[in-house]
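# Structural features, examined
Now for the letters of each chain:
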Amino acid sequence: MLLLTLDLLGIAVFAVAGGLLAVRQRLDIVGIVTLATVSGLGGGWIRDVLIGQIPPTALADWRYLAVPLVAAGLVFVWHPQFSRVDPMINVLDAFGLGLFCVAGTLKAVDHGLGPLPAALLGVVTAVGGGMLRDVLSGRVPSIMSKGQLYAVPAMLGAAIAAVGFSATDLSTSVVAVPAATIAIVVRLLAIWRGWTAPTPGSVRS
Amino acid sequence: MLLLTLDLLGIAVFAVAGGLLAVRQRLDIVGIVTLATVSGLGGGWIRDVLIGQIPPTALADWRYLAVPLVAAGLVFVWHPQFSRVDPMINVLDAFGLGLFCVAGTLKAVDHGLGPLPAALLGVVTAVGGGMLRDVLSGRVPSIMSKGQLYAVPAMLGAAIAAVGFSATDLSTSVVAVPAATIAIVVRLLAIWRGWTAPTPGSVRS
Amino acid sequence: MLLLTLDLLGIAVFAVAGGLLAVRQRLDIVGIVTLATVSGLGGGWIRDVLIGQIPPTALADWRYLAVPLVAAGLVFVWHPQFSRVDPMINVLDAFGLGLFCVAGTLKAVDHGLGPLPAALLGVVTAVGGGMLRDVLSGRVPSIMSKGQLYAVPAMLGAAIAAVGFSATDLSTSVVAVPAATIAIVVRLLAIWRGWTAPTPGSVRS
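None of these values were measured; they are calculated from a predicted model. (Residues numbered from 1 in each chain as written. Chains lettered and ligands numbered in written order. Predicted model: local features only at pLDDT ≥ 70, side-chain atom pairs only at ≥ 80, totals over all residues.)

## Comments concerning the overall build of chain A
Stated formally: Helix and strand assignments follow DSSP, with helices taken as H or I runs no shorter than four residues and strands as E runs no shorter than two, numbered in order from the N terminus. Here the radius of gyration uses the C-alpha set of atoms, whereas the globule reference equals 2.2 Å times the residue count to the power 0.38. Think of it as a crowd count around each C-beta: if 20 or more other C-beta atoms lie within 10 Å the residue is buried, if 12 or fewer it is exposed, and in between it is partly exposed, with C-beta placed from the backbone throughout. What counts as a contact here is a pair of residues whose C-beta atoms, placed from the backbone, lie within 7 Å.
Helix and strand content of chain A: eight helices and zero strands. Starting at the N terminus, the α and β elements of chain A follow one another as α-α-α-α-α-α-α-α. For 205 residues, the compact-globule estimate of 2.2 N^0.38 gives 17 Å, and the C-alpha radius of gyration of chain A, at 17 Å, lies within 12% of that figure. A principal-axis box enclosing the C-alpha atoms of chain A has dimensions of 50 × 50 × 30 Å. Counting only residues that meet the buried cut, chain A has 60% of its 205 residues in that class. A fraction of 72% describes how many contacts in chain A between residues 6 or more apart in sequence connect residues 24 or more apart.

## Some thoughts on the relation of the copies chain B and chain A
Put simply, the rule reads: Each copy is superposed on the other by least squares, with the fit set by C-alpha atoms of residues at a pLDDT of at least 70 in both.
At an RMSD of 0.0 Å, chain B and chain A line up after a rotation of 120° and a shift of 0.0 Å along the axis. On the angle and the small slide along the axis, the relation comes out as a three-fold axis. Comparing interface residues between copies, only 8% of those in chain B also sit at the interface in chain A, which points to a heterologous contact through distinct surfaces.

## Observations concerning the confidence of the model for chain A
Convention followed: The pLDDT value tells you how sure the predictor is about a given residue, anywhere from 0 up to 100.
Taken residue by residue, chain A gives an average pLDDT of 90. The fraction at 70 or more is 97%. Overall fold confidence (pTM) sits at 0.91, and the ipTM for the predicted complex is 0.90.

## Points about the interface of chain B and chain A
How we decide: Here the term charged refers only to Asp, Glu, Lys and Arg, the term nonpolar to Ala, Val, Leu, Ile, Met, Phe, Trp, Tyr, Cys and Pro, and the term polar to all other amino acids, Gly among them.
Contacts between the two partners involve 26 residues from chain B, matched on the other side by 25 residues from chain A. Where the side of chain B that touches chain A is concerned, the elements lending two or more residues are α2 (29-51), α6 (115-136) and α7 (151-167) of chain B. Ranked by the residues each element gives to the side of chain B that touches chain A, the list is headed by α6(B), at four residues. Each residue belonging to the side of chain B that touches chain A can be placed in one class, and the counts come to 18 nonpolar, six polar and two charged.

## Here we look at the relation of the copies chain C and chain B
Mapping chain C onto chain B is achieved by rotating through 120° and translating by 0.0 Å along the same axis, at an RMSD of 0.0 Å. A share of only 8% of interface residues in chain C that are also interface residues in chain B marks the association as one of differing surfaces.

## Regarding the interface of chain C and chain B
With 26 residues of chain C in contact, the opposing surface of chain B contributes 25 residues. For the side of chain C that touches chain B, the secondary-structure elements that each account for two or more residues are α2 (29-51), α6 (115-136) and α7 (151-167) of chain C. The element best represented in the side of chain C that touches chain B is α6(C), accounting for four residues. Taken together, the residues of the side of chain C that touches chain B break down into 18 nonpolar, six polar and two charged.

## Overview of helix α6 (residues 115-136) of chain A
Residues and elements named next belong to chain A. Inclusion rule: In a helix, the anticipated span is given by 1.5 Å times the number of residues less one. The seven residues ending at a residue and the seven starting there each receive a fitted axis; the angle between those axes is the bend at that residue.
Between its first and last C-alpha atoms α6 spans 31 Å; for 22 residues at 1.5 Å apiece the expected length is 32 Å, and the two agree. The largest bend in α6 amounts to roughly 50° and is located at V127. Taken from the residues just after α6, G138 is the one with a positive phi, measuring 75°.

## Side note on the nonpolar core
For clarity, the cut-off: In this description, a nonpolar core means buried residues of the types Ala, Val, Leu, Ile, Met, Phe, Trp, Tyr and Cys, linked to one another by C-beta atoms lying within 7 Å.
Judged by nonpolar contacts, the single largest core of 246 residues is most densely connected at A:I32, A:V123, B:I32, B:V123, C:I32 and C:V123. Excluding residues within four positions of it along the chain, A:V123 makes contact with A:C101, A:A151, A:A154, A:M155 and A:A158.

## Focus on unusual backbone geometry
Excluding glycine, residues mostly have negative phi values, and the peptide bonds linking residues are mostly trans. In this structure, the amide linkage connecting A:I54 to the following residue, A:P55, adopts the cis form with an omega of -5°. With respect to the secondary-structure elements, A:P55 resides in the loop between α2 (29-51) and α3 (57-60). Unlike most non-glycine residues, B:R26 shows phi in positive territory, near 60°. Tracing the backbone shows B:R26 in the loop between α1 (2-24) and α2. What makes B:R26 partly exposed here is the crowd of 13 C-beta atoms within 10 Å.

## A few points about the packing of α2(C) against α6(C)
Residue and element names in this part refer to chain C. Rules: Fitted lines through C-alpha atoms give the axes, limited to the stretch in contact for helices. The angle between two N-to-C directions lies from 0 to 180 degrees. In this scheme, roughly parallel covers angles under 35 degrees and roughly antiparallel covers those over 145, while 65 to 115 is roughly perpendicular and the rest are oblique. Handedness of a helix crossing follows the sense of rotation of the near helix relative to the far helix, less than a right angle counterclockwise being left-handed and clockwise being right-handed.
Between α2 and α6, the shortest axis-to-axis distance is 7 Å and the interhelical angle comes to 135°. If you check the angle between α2 and α6, you find them oblique. Two packed elements cross with a definite hand, and for α2 against α6 that hand is right-handed.

## Notes on the packing of helix α1 (residues 2-24) of chain A against helix α4 (residues 62-84) of chain A
Residues and elements named next belong to chain A. The contact between α1 and α4 brings their axes to 8 Å, and the two run at 45°. It follows that α1 is oblique to α4 by the angle criterion. For the crossing formed where α1 meets α4, the hand is right-handed. Contact residues: L8, I11, A12, A15, V16, G19, L20 and V23 in α1; R63, Y64, V67, P68, A71, A72, V75, H79, F82 and S83 in α4. Across the contact of α1 with α4, the residue classes break down as 14 nonpolar, three polar and one charged.

## A look at helix α1 (residues 2-24) of chain C
Look at α1(C): 33 Å from first C-alpha to last across 23 residues, which is about the 33 Å you get at 1.5 Å a residue. Looking one or two residues past α1(C), C:R26 carries a phi angle of roughly 60°, positive in sign.

## Thoughts on the environment of A:Y150
All names here are of chain A. Assignment of secondary structure puts Y150 in the loop between α6 and α7 (151-167). On the basis of neighbour counts, which here come to 24 C-beta atoms within 10 Å, the residue Y150 falls in the buried class. The spatial distance from the C-alpha of Y150 to the C-alpha of A167 is 26 Å, given a sequence separation of 17 residues. Not counting the four nearest positions on each side in its chain, Y150 is found in contact with V127 and I143.

## Brief notes about the environment of C:R47
Residues and elements named next belong to chain C. Along the polypeptide, R47 turns up in helix α2. R47 sits in the buried class, given 28 other C-beta atoms within 10 Å. Along the sequence, R47 and G128 sit 81 residues apart, while their C-alpha atoms lie 8.7 Å from each other. If sequence neighbours within four positions are ignored, R47 has contacts with G104, K107, A108, L121, V124 and T125.

Next comes the structure, spelled out in structure tokens:
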């Protein structure tokens, strides 16, 4: 029950961020609903299809679908208010990121995948929705190019979770809580201190 | 047999529209074949993967694959003629839209999904191919941003079909015919009267 | 063992090409890893999901995942050297193309698909990773529009392989070697002689 609540909360935050991007790109209500849904649920859909959890949980269970629809409606009406609390959304988004990378890894391990694939799927769960959102809105996915570290904290959390779940006898929460916490803290530090990912050296184009 | 014929007809119309877009974007024969195939079959592929109908019907059955290939060939040779009847293609496209949103919903209900997920998959069936086509041709999917109502009629038809198939004892055709008709009529009215989807209020960018 | 080695070699070449594109687009290390992985493994993932091989081989087996990660690391450090041998990468890429279109077709036939769907999936295996890479980097997939024949050699190889595997009693290698060779030779000739795919006649935009 706690897990479901956290999951839906993470989806809601991602959906609001996706809906706000749609507003900024001057899309209509269909665009807002589409980007909110894809942002909130897309990562989980990709993961579930790849591990064979078909139909995906976030498709078969109407509560998962209702969250981005409600989020899209709220953004449509109150987007000026949401835009004003943009920094707070970034902080909430960090919690969604930490939660999703660990939950995605756990689900993949439960489906019998080894640590490396499981960690990859944890990262996909956390960042896949945002990548789909960016592709649908005609942008190069922001995680690949600019701004503060985003995928790297998810990789850290997923890697710790994958090793902890696969190679130790520790209980789920003993692994999950520190893994998610590390991802969240690194993400928040990256926002606060402006950390970016390394880029390659001089480029001849 | 009637259903198969209608299905293939809808695919053909979508494939021709996709091929014409490729011509307008000055793509080569590979681009025309790709966009025709993706436009005609993409929505059904996404739906089938998400409901666990694997391999997708439109992949395992060669007749489904042959239709967009033939459509691409016809567009390659006769695209000036097709472009001239563009308005007629819009009307045929409306029939494809109405047919696909209802057929997709029915298939999802048959696979055990509830009304909300089934309606979503009906919409994906109807508009997914067009979204893939737009993404592959480097454009923001047109359903999200401009022009006359497109996704909304599909949502209407899918919602009516989902409730009818899930919550009533009515026979398939008693639900399907009115649901598809409403989607088609609303889409045609939207073209005729220039109806658009609501956009959010003043935006600070 | 030979097959696995060839497979991993093809993935490595595709991954290096994807990583170099990321460098040229000034993406960061996350972008390089993402484009290298998607370029090397994306085509196989799409094929495996569509034929029901879930989880995809290239996800469950850590060796497949390790190859693009290593390739991305090498590109990050030595991209000037790699860029200098660009023509050689094109030649290696032709071998990857020929290998993948035949291997993908064979896998689809083994999963019970008919010749036309199997050939399509062979082509998807060969060009799907590159299409995903182009979409993620904000470009119209290059196979659809410009440069020397790329998808057409893959289609040739896949078509020969599909007929050979489905309709004859010949042993696998008796079909696979000539089919792959033809794809490779046609691709190399296209590079050498500048062959392009036909484009439609005069266009009114």
